[in-house]
Amino acid sequence: MCDRRLLAASFTSNQTPVPTELVREHLVRIVESELFRRSERLIRFLKFSVQAALNGDSARVKEYVVGVEVFDRGQTFDPRVDPVVRVEARRLRNRLRQWHETVGRDSALVIDLPTGAYAAEIRYRPNSPVPIAIAAPAKKIAVLPFANLNADVDLDYFSDGLTEELIHGLTRLKGLQVVAWPSASRLKGQEQDVAAIRDRLQVQNILRGSVRRFGDRLRMTAQLIDTSDGHYLWSEAWDRAASDLLAIEQEIARAIVAKLSVDLEPSSAFPPSRDAEAHTLYLKGRFQLNKRSPASLRFAVEYFKQAAGKDPEWPLAWAGLADAYALLATYGVCPAAPMMSAAKDAAQRALTLDPTRAEAFTCLAFVRGSYEWKWQESEDLYRRAIELNPGYAVAHHWYGSDCLGAQGRLEEASAELEIAISLDPLSSILLDGKGFLLMLARRFDEACQVYTDLLQYDPEFYKSWGSLGRMYTQMGRYSEAIEMFQKARSMAGDYPRILGALGQT
């Protein structure tokens with residue numbers, strides 16, 4: 001069974017299911033085009049036919065039904081006397097063919113009205129890549145930030161890093177959908193409000209815990225909770241050497257496997273480092289990477305380099321280093337050429353050590369597309385990453401926004417981004433990406449609403465101030481755009497992207 005956002009609109013047994021969101025995006029493009037915009041009757045007919053297909057009710061779309069419900073002919077309508085449906089169907093069929101051959105020649109989908117029929121057929125255009133749908137998981141879980149019980153807040157890197165590492169590992173468990181770290185991190189300090197977390201994230205289970213470190217000793221607790229009633233499904237405490245952290249993570253994963261009836265040997269989800277110090281450096285690197293500031297990105301590179309130096313055969317250290325290099329280039333902190341080259345080398349090293357690392361495939365795909373413009377290679381790599389780990393939100397995000405969106409394939413891009421949002425529903429960067437795709441589609445009012453809502457939700461997220469500035473520039477509202485860019489600049493400093501957009505405006 002597919003996720004309900006990806007319910008199939010397919011009409012013959014040999015067709016590939018088409019995601020509902022993709023169909024709706026395609027329909028919007030059609031009805032807002034010059035070919036259809038002024039044809040109210042055709043738009044109404046088309047929407048009725050497509051909605052029936054999405055509802056699995058195409059058999060009902062007969063000539064009499066269309067005449068009564070679309071063209072308001074009344075209960076006495078007689079198709080043998082009044083040919084309105086046949087005439088309008090012929091017009092709609094020809095107009096759809098014209099749209100797909102001109103304006104929509106780059107579209108991934110085709111909506112057709114077959115001769116002699118009134119129910120829409122929706123299919124992928126031949127040779128068009130098919131989005132990878134996520135099968136509906138048996139369980140959805142949120143791993144909440146483990147509480148740092150040390151008085152030293154500098155050890156937040158350890159508790160946060162442990163949580164993120166658990167999330168990444170658990171996404172590889174079959175039948176389990178795991179809320180991504182950006183959303184989970186927003187709930188720090190709210191771990192006790194199980195009902196509110198259930199409602200915000202739509203999860204059946206949460207994992208929460210605490211960690212305290214005394215030199216080379218580690219005290220940890222973890223509880224797996226059913227959000228429907230707040231009952232503990234499993235609880236455990238450990239007092240061990242800090243070097244046993246990997247073993248503890250695997251015990252947690254095994255408990256989840258046992259209690260939630262999901263499938264995968266946990267040891268394959270957490271590839272170990274042979275060096276405890278390398279693992280600590282890696283956690284520090286991830287902690288700095290998530291801050292996304294110029295200084296923190298440079299710190300992240302140094303920590304990942306040191307981790308890889310301590311354990312050159314550990315793939316996660318190289319995958320982390322690849323992400324850090326790529327983000328230094330993307331955010332304009334360092335020149336792109338050397339950083340993207342280093343990112344590619346690090347990602348390839350990670351894949352040499354472990355060819356199943358979705359994170360490394362994702363970073364390599366980003367470099368191939370956004371920097372080298374080798375779009376087909378980039379797409380193949382993104383799809384491989386998603387095949388390996390369908391629950392990795394970053395892969396869906398970058399594939400949608402930075403690969404498909406950059407090529408103008410906005411329907412497919414939107415479908416991928418919606419999958420990412422389902423995995424990471426509280427992520428500001430993903431909601432910003434949704435506004436970006438709407439802007440590319442020139443759906444300016446909708447994009448403005450997304451950005452406005454996001455800024456109310458997360459006013460400290462500088463990127464959305466800049467995005468709203470770009471939106472206002474596209475709309476010719478230059479004074480407001482300049483105000484937005486200045487706001488973003490005051491929060492983030494002199495990022496090249498902000499300065500460039502401000503200069504352009």
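Conventions we followed
- Residues numbered from 1 in each chain as written.
- Predicted model: local features only at pLDDT ≥ 70, side-chain atom pairs only at ≥ 80, totals over all residues.
- Heavy atoms only, no water.
- Helix = DSSP H or I, 4+ residues; strand = E, 2+ residues; numbered from the N terminus.
- Rg over C-alpha atoms; globule rule 2.2 N^0.38 Å.
- Buried < 20%, exposed > 50% of the residue type's maximum accessible area, 1.4 Å probe, protein only.
- Contact = heavy atoms within 4.5 Å.
- Areas by Shrake-Rupley, 256 points an atom, 1.4 Å probe, with all protein chains shown as cover.
- Lys, Arg positive; Asp, Glu negative; His and termini not counted.
- Charge placed at Lys NZ, Arg CZ, Asp CG, Glu CD.
- Core = buried A, V, L, I, M, F, W, Y, C linked by side-chain atoms within 4.5 Å.
- Expected span 1.5 Å × (residues − 1).
- 1 Å grid on protein atoms, 1.4 Å probe; cavity = no way out; pocket = protein on both sides within 12 Å on 5 of 7 lines; lining within 4 Å.
- Points joined across faces, edges and corners; volume = space filled by probe spheres on them.
- pLDDT = per-residue confidence, 0-100.
- Arc of directions from axis to C-beta.
- Pairing = 2+ DSSP bridges.
- Salt bridge = Lys/Arg side-chain N within 4 Å of Asp/Glu carboxyl O.

**Here we look at the overall build of the protein**
Alright, step 1. Across its full length, the protein carries 21 helices and eight strands.
Alright, step 2. In terms of C-alpha radius of gyration, the protein reaches 25 Å, essentially the compact-globule figure of 23 Å for 505 residues.
Alright, step 3. Once the C-alpha set of the protein is aligned to its principal axes, its extents read approximately 90 × 55 × 40 Å.
Alright, step 4. Per-residue burial over the protein gives 55% buried out of 505 residues.
Alright, step 5. Counted over contacts in the protein with a minimum sequence separation of 6, partners at least 24 positions apart contribute 58%.
Alright, step 6. When the accessible surface of the protein is summed, it comes to about 22100 Å², and 50% of that surface belongs to carbon and sulfur atoms.
Alright, step 7. One way to put it: in the protein the 63 positive side-chain charges average out to a point 4 Å from where the 65 negative ones average out.

**Some details on the nonpolar core**
Alright, step 1. Core analysis: the biggest nonpolar cluster contains 113 residues, and Leu207, Met220, Ile252 and Ile256 have the highest contact counts within it.
Alright, step 2. The leading source of residues in this core is helix α11 (residues 315-330), at twelve residues.
Alright, step 3. With 39 residues, the next largest nonpolar core counts Val31, Val68, Val85 and Ala415 among its residues.

**Digging into the side chain of Glu411**
Alright, step 1. Looking at where Glu411 falls in the secondary structure, it is placed in helix α16 (residues 410-423).
Alright, step 2. On the basis of relative accessibility, which here comes to 3%, the residue Glu411 falls in the buried class.
Alright, step 3. Those residues in contact with Glu411, other than ones at most four positions away along the chain, are Leu22, Glu25, His26, Arg29, Ser107, Ala108 and Leu109.

**Section: helix α14 (residues 375-388)**
Alright, step 1. For α14, with 14 residues, the first-to-last C-alpha span of 20 Å sits near the 20 Å given by 1.5 Å per residue.
Alright, step 2. Buried within α14 we find Ser378, Glu379, Leu381, Tyr382, Arg383, Ala385 and Ile386.
Alright, step 3. In the core, the buried residues of α14 are packed alongside α13 (358-371), α15 (393-404) and α16.

**A few points about empty space enclosed by the protein**
Alright, step 1. Inspection of the entire model under this criterion finds two cavities of 30 Å³ or more.
Alright, step 2. Quantified by volume, the largest cavity comes out at close to 40 Å³.
Alright, step 3. Lining the largest cavity are Arg29, Asp106, Ser107, Ala108, Gly408, Arg409, Leu410, Glu411 and Glu412.
Alright, step 4. Element by element, the count of residues in the lining of the largest cavity is highest for α16, at three residues.
Alright, step 5. In this structure, the second largest cavity occupies an estimated 30 Å³ of space.
Alright, step 6. The wall of the second largest cavity is formed by Gly161, Glu164, Glu165, His168, Tyr282, Leu283 and Arg286.
Alright, step 7. Elements that contribute at least two residues to the lining of the second largest cavity include exactly α5 (156-170) and α9 (276-289).
Alright, step 8. Of the residues forming the lining of the second largest cavity, the biggest block, four residues, is contributed by α5.

**Quick look at the confidence of the model for the protein**
Alright, step 1. With 90% of its residues at a pLDDT of 70 or more, the protein shows a mean pLDDT of 83.
Alright, step 2. Here residues 1-14 scores under 50 on pLDDT; set against residues more than four positions off or in separate chains, the count is 32 contacts.

**Observations concerning the environment of Arg41**
Alright, step 1. Structurally, Arg41 can be placed in helix α2 (residues 40-54).
Alright, step 2. Beyond its immediate stretch of four places on either side in the chain, Arg41 contacts Phe71, Val84 and Glu88.

**Notes on helix α21 (residues 496-504)**
Alright, step 1. Listed as buried for α21 are Ile498, Ala501 and Leu502. Down the axis of α21, the buried side of the element spans an arc of 100°, and every buried residue falls inside it. When the buried face of α21 is taken as reference, the exposed residues oriented beyond 90 degrees from it are Gly503 and Gln504.
Alright, step 2. Elements that come into contact with the buried residues of α21 comprise α19 (462-474) and α20 (478-492).

**Description of the pairing of strand β8 (residues 232-241)**
On any regular strand, side chains alternate: one points to one face of the sheet, the next to the other face.
Alright, step 1. Bridge count for strand β7 (residues 217-226) against β8 is nine bridges, and the pairing is antiparallel. Each residue of the ladder has a partner; that of Arg219, found in β8, is Asp239.
Alright, step 2. Following β7, the chain reverses through five residues before pairing antiparallel with β8; Gly230 in that reversal takes a positive phi of roughly 80°.

**Thoughts on unusual backbone geometry**
Alright, step 1. A positive phi angle, close to 55°, is found at Gln202, a residue other than glycine.
Alright, step 2. Along the chain, Gln202 turns up in the loop between α7 (194-201) and β6 (205-214).
Alright, step 3. Since its relative accessible area comes to 54%, Gln202 is described here as exposed.
Alright, step 4. Within the chain, Arg442 stands out as a residue other than glycine whose phi angle is a positive 65°.
Alright, step 5. Here Arg442 lies in the loop between α17 (428-440) and α18 (444-457).

**Some remarks on the pattern of salt bridges**
Alright, step 1. One pass over the structure, following the stated rule, counts 31 salt bridges.
Alright, step 2. One salt bridge in this structure joins Arg41 and Glu88, with 3.4 Å as the shortest N-O distance. Here Glu88 lies in helix α4 (residues 84-101) and Arg41 lies in helix α2, a separation of 47 residues in the sequence.
Alright, step 3. Measuring nitrogen to oxygen at the nearest pair gives 2.9 Å for the salt bridge that ties Asp160 to Lys188. With a gap of 28 residues between them, Asp160 in helix α5 and Lys188 in the loop between α6 (181-185) and α7 connect regions that are remote in the sequence.
Alright, step 4. Within this structure, Lys344, Arg368, Glu372, Lys374 and Glu377 form a network of salt bridges that share partners.

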